[in-house]
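In case you want the letters, here they are:
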Amino acid sequence: MRKFSLVEFSVEHPKLIVVLSVLITMLFMTQFPKMRTDTNPKNMLPATSEVRVWNDEVEKTFSLYEDMIAVGIVNEKGILNKDTLGKVQRITDEILKIKGVAARDVSSFTTIDNVTVEDATLKVAPLMTAPPEDEQGIEYLRKMLYENPLFINRIISKDGKTTAIYVPLEKGSNGKQIADRIREVVKKEKGDEQYYVAGDPVARDTFGAEMFKLMAIFAPIAGMVMLFVRYLMFKDLFLSITLMMDAMISIVWSMGLLIGLGFPIHIMSSMAPVFLMAIATDSMHIFNEFYFRYRETRDKKKAIIETMRAVSRPVRNTALATAAGFAVLLFMNIIPVKVFGGLVAFGTIALRLLSFSFIPAMFTFVKDEKIEKIAHAEDIGTDRTSQFLKKLAGFGTHHPKNTVAVGLVLFVIAVVGLSKITVNNNLVEWFKKGSDVRVADTVMNKALGGTSLGYVVAIAKEDEYIKTPEAMRYIEGLQRRLEQLPVVGKTTSVVDYVKRINRVLHDDDPKYDVVPETRDMIGQYLFLFSMSAKPSDLDNVVDYPFKRANIWVQLKTWDAQAMKDVISAMDDYKKTNPTPMEIKPSGIAYFNLVWNHEVLWDMVKGFVLALIAVFTILAFDFRSVKWAVVGYTPLLFTILLIYGVVGFIGKDFDMPISVLSTLSLGMAVDFAIHFVSRFRQRLKETAPLFDSPLGKGGYRGVNDALLWTAARPGKGIVRNAVLFAASFAVMMFAPLTPYITVGAFIVSMMLLSAIMTIIYLPALITLTQGWLFKEGVK
């Protein structure tokens, strides 16, 4: 019985293949209305992860909010004037009305509690119920602000030019939507003041909104670019549209499957359409070979079948290698990365299925005279591109030692660059420098304590221990140690409240700005304060068995390294100052640090797995470990060189780049498979004419086969690289830096990888042919 051939079936029944492709696509499209998004960084890790469980426990214990927005109001002439204070009051009143805002715990001049004494009685009341009417009232407010360390660098800057309104959000509220409402509120105010809206939920949810806009914009643009560049290459609009349709079908299938399985779309999965659009360019090898075959056979159907026979193995195995590079991400801990890996792996397999069915079917609809016209130009003897590629390959072939030596020098330089790479994640820096989010964060961090928040939790072994002078002084000492760090703008704890009460109850004498001497006195102060203050004032810094205390640590940067510095200082303090209490970090800043660490080790693991997977596929495809090593070298060199540049330019090794380290292997190996497979195929076809060894195991057919491979399949490699790079180049114009990073990285990698394949592979093959061809041509 004759073996079934999907290609031949598609050529014989093209209309059926097209109709089936459309029907399956429509089926997947029915899932799109169910699409939902998720940009919460907490969901990067499983709900059962240690850091999430601990952070949830801390939030519950201290009645903390998951999200907080900081609204900055800046007046270069000074905040403390009747007009500006009136604006602070009006803006606060309007913010309290916004749905999703936890109004009871908003902190500003008009809502924050101030601790004073009136008639020898402790008084806790709002700092400012209404703007002062005269200069005397202004001066009294100034005195209240600057004599209370709880306020300085929190709601008033040291220079008096900046104040902040802290807006906690109810669980599930959208930070961008509330930030937009706040911006609408402040726009109504006229005058010298400038307004800034910052905080993790603003950056996170704004990024999420922008991310999906970009997905809707850049995927179609990438498709149009692919169509245009493909048309310039072959001057054939119908088959150019076919290539784009191939990509779009795989995108719909993949995204439909993702949504149908109930997964939300995150930053990584939002990039999948552009990745699949670019991966679809591997079909260029089919188009490239088809025109050469048609020129030789003058029979369309025969040319299609012969083309697929010639390129089927490298096309199939490049898909396998690319899919494997993405599929290793399924073994990671970062949930969106796992989903993204599975998504693109599925899309890659779908693309290859379409390459053996949909594309051959579409070829049959093209008129012979149109193909004839294009095929006429595909002559490696006269074509300028082919001749240029021959010269490039000729340099590597005729000067192999020099070529490899230059490569080794660049390798050493790249290793030096690699040593300079720093690992970091900073969500705010995913926006461009001039963006509202980044400008607001910069201004707020410069003027006040900081928009990034971490916690340091002290845990005693027994109830009531936090009330002891020993515990209080230990926490105070730890605060002072942390405040010595450049990244820490302010710390706040229960100690600050106790010291403030102690001072005001002693006629505001500065010498009483200390921890009281006895547990009973501390307990009495805390009791008095709790009777008058808002519940959250104490709830946020101590639990009611007084077994745990929470230090708020405001950081002046969202860099993951900042919290690492805090933990190092915390650990050093514990070593030099032993305590029966356990000291543990927490908060969103701590989560970002843990997540950053998880990303690093996930990507190291993924990179190693990808190295093994890709090498195995190469060895399987070439049926030789020797050839796998040779094919492997240029792609490794390409990746090392690009990462070396990343180190030299000082770019942080963040999530987008770390994910690309794994993905790049799967994509860059494409060219090596095509070059080596077609070279060996060509050598095998011509070997009978030149099968006599000429010393040192060399063969006269090697150089000719290398030059032919560079001129004919090599043209497909270059076309693929250019089309791939053009598709990703659109991302370099995005307003978000991760998209720019991905675009620049992939464009550089594809173009450099193509050049390395054309020049470096011939040099390696020529230099090692005695080793490679020991047993003859197979």
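Residues numbered from 1 in each chain as written. Predicted model: local features only at pLDDT ≥ 70, side-chain atom pairs only at ≥ 80, totals over all residues. Heavy atoms only, no water.

### Remarks on the overall build of the chain
- Looking only at helices and strands, the chain has 29 helices and 9 strands in total.
- Taken along the three principal axes of its C-alpha coordinates, the chain extends 110 × 50 × 50 Å.
- Within the chain, the fraction of its 778 residues that count as buried is 60%.
- Sequence-distant contacts, at least 24 apart, represent 81% of the contacts inside the chain between residues at least 6 apart.
- Total accessible area computed for the chain in this model is approximately 32000 Å², and 61% of it derives from carbon and sulfur atoms.
- Across the chain, the centroid of the 89 positively charged side chains sits 11 Å from that of the 79 negatively charged ones. (Helix = DSSP H or I, 4+ residues; strand = E, 2+ residues; numbered from the N terminus. Buried < 20%, exposed > 50% of the residue type's maximum accessible area, 1.4 Å probe, protein only. Contact = heavy atoms within 4.5 Å. Areas by Shrake-Rupley, 256 points an atom, 1.4 Å probe, with all protein chains shown as cover. Lys, Arg positive; Asp, Glu negative; His and termini not counted. Charge placed at Lys NZ, Arg CZ, Asp CG, Glu CD.)

### Considering helix 10 (residues 284-297)
- Under the 1.5 Å per step criterion, the end-to-end length of helix 10 is 20 Å for 14 residues, consistent within 8% with the ideal 20 Å.
- For helix 10, a buried count of 11 out of 14 residues is recorded, marking the element as mostly surrounded by other parts of the structure.
- Every buried residue of helix 10 is listed here: Met 284, His 285, Ile 286, Phe 287, Asn 288, Glu 289, Phe 290, Tyr 291, Phe 292, Arg 293 and Tyr 294.
- Phi turns positive, to about 60°, at Arg 298, one or two residues after helix 10. (Expected span 1.5 Å × (residues − 1).)

### Here's the deal with the sheet that holds strand 8 (residues 548-555)
- Strand order in the open sheet formed by 4 strands is 7-8-6-9, with antiparallel pairing between adjacent strands. Strand pairing shows two members of the sheet lacking a second neighbour, strand 7 (488-492) and strand 9 (582-586), which therefore form its edges. For this sheet, the mean angle separating the axes of adjacent strands, direction not counted, is 20°.
- Summarising the sheet, strand 7 and strand 8 pair through 4 bridges and their orientation is antiparallel. Its bridge partner being in strand 8, Thr 491 is matched across the sheet by Val 553. (Pairing = 2+ DSSP bridges. Axes fitted to C-alpha atoms, helices over the stretch in contact; angles between N-to-C directions.)

### Quick look at the packing of aromatic side chains
- Taken as a whole and assessed by the stated rule, the structure comprises 17 aromatic pairs.
- Seen from their ring centres, Phe 615 and Tyr 632 are 5.3 Å apart, and the 70° between their planes marks the pair as edge-to-face. Taken together, the residues span a long stretch of sequence, with Phe 615 in helix 23 (residues 588-622) and Tyr 632 in helix 24 (residues 625-649) at a distance of 17 residues.
- The rings of Phe 287, Phe 290, Tyr 291, Tyr 294 and Phe 363 are connected pair by pair, giving a single aromatic cluster.
- A cation over an aromatic ring shows up here: Lys 467 above the ring of Phe 546, its NZ or CZ 4.3 Å from the ring centre.
- The ring of Trp 54 carries the charged tip of Lys 584 above its face, separated from the ring centre by 3.9 Å. (Phe/Tyr/Trp six-rings, centres within 6.5 Å; stacked < 30°, edge-to-face > 60°. Lys NZ or Arg CZ within 6 Å of the ring centre and 35° of its normal.)

### Overview of the nonpolar core
- Within the largest apolar cluster, 242 residues are counted, with the highest numbers of intra-cluster contacts made by Phe 109, Val 167, Ile 182, Val 494, Met 581 and Phe 728.
- When neighbours within four sequence positions are excluded, Phe 109 is seen to be in contact with Ile 79, Leu 80, Leu 85, Val 88, Leu 127, Met 128, Leu 145, Ile 155, Ile 156 and Thr 163.
- Counting residues in hydrophobic clusters, the runner-up holds 9 residues, among them Val 18, Ala 350, Phe 358 and Met 362. (Core = buried A, V, L, I, M, F, W, Y, C linked by side-chain atoms within 4.5 Å.)

### Re the sheet that holds strand 5 (residues 194-198)
- Ordered by their spatial adjacency, 3 strands build an open sheet running 4-1-5, and the pairing between neighbours is antiparallel. A single partner strand is all that each edge strand has here, and the edge strands are strand 4 (162-168) and strand 5. Sheet twist, expressed as the mean angle between neighbouring strand axes with direction ignored, is 20°.
- Relative to strand 5, strand 1 (residues 68-74) is paired through 5 bridges, and the arrangement is antiparallel. Pairing of Ile 73 across the sheet is with Tyr 195, part of strand 5.
- Strands in contact with helix 4 (residues 82-95) are strand 1, strand 4 and strand 5; relative to strand 4, the strand with the most contacts, it is inclined by about 10°.
- Of the strands in this sheet, strand 1, strand 4 and strand 5 are in contact with helix 6 (residues 175-187), which crosses strand 1 at around 20°.

### What to know about unusual backbone geometry
- Positive phi, close to 70°, is recorded for Glu 464, a residue that is not glycine.
- If you trace the backbone, Glu 464 turns up in the loop between strand 6 (452-459) and helix 18 (469-483).
- Relative accessible area serves as the criterion here: at 29%, Glu 464 is assigned to the partly exposed category.
- With a phi angle near 55°, Phe 546 is a residue other than glycine that sits in the positive phi range.
- Phe 546 sits in the buried class, given a relative accessible area of 7%.

### Considering the packing of helix 15 (residues 384-398) against helix 27 (residues 713-729)
- Direction vectors running N to C along helix 15 and helix 27 enclose 100°, while the axes themselves pass 9 Å from each other. The pairing of helix 15 with helix 27 is recorded here as roughly perpendicular in orientation. Residues Thr 385, Ser 386 and Leu 389 of helix 15 touch helix 27, and the partners they reach there are Gly 714, Lys 715 and Val 718.
- A breakdown of the residues in the contact of helix 15 with helix 27 according to their chemical character gives 2 nonpolar, 3 polar and 1 charged. (Parallel < 35°, antiparallel > 145°, perpendicular 65-115°, else oblique. Nonpolar A, V, L, I, M, F, W, Y, C, P; charged D, E, K, R; others polar.)

None of this, on its own, says anything about what the molecule does.
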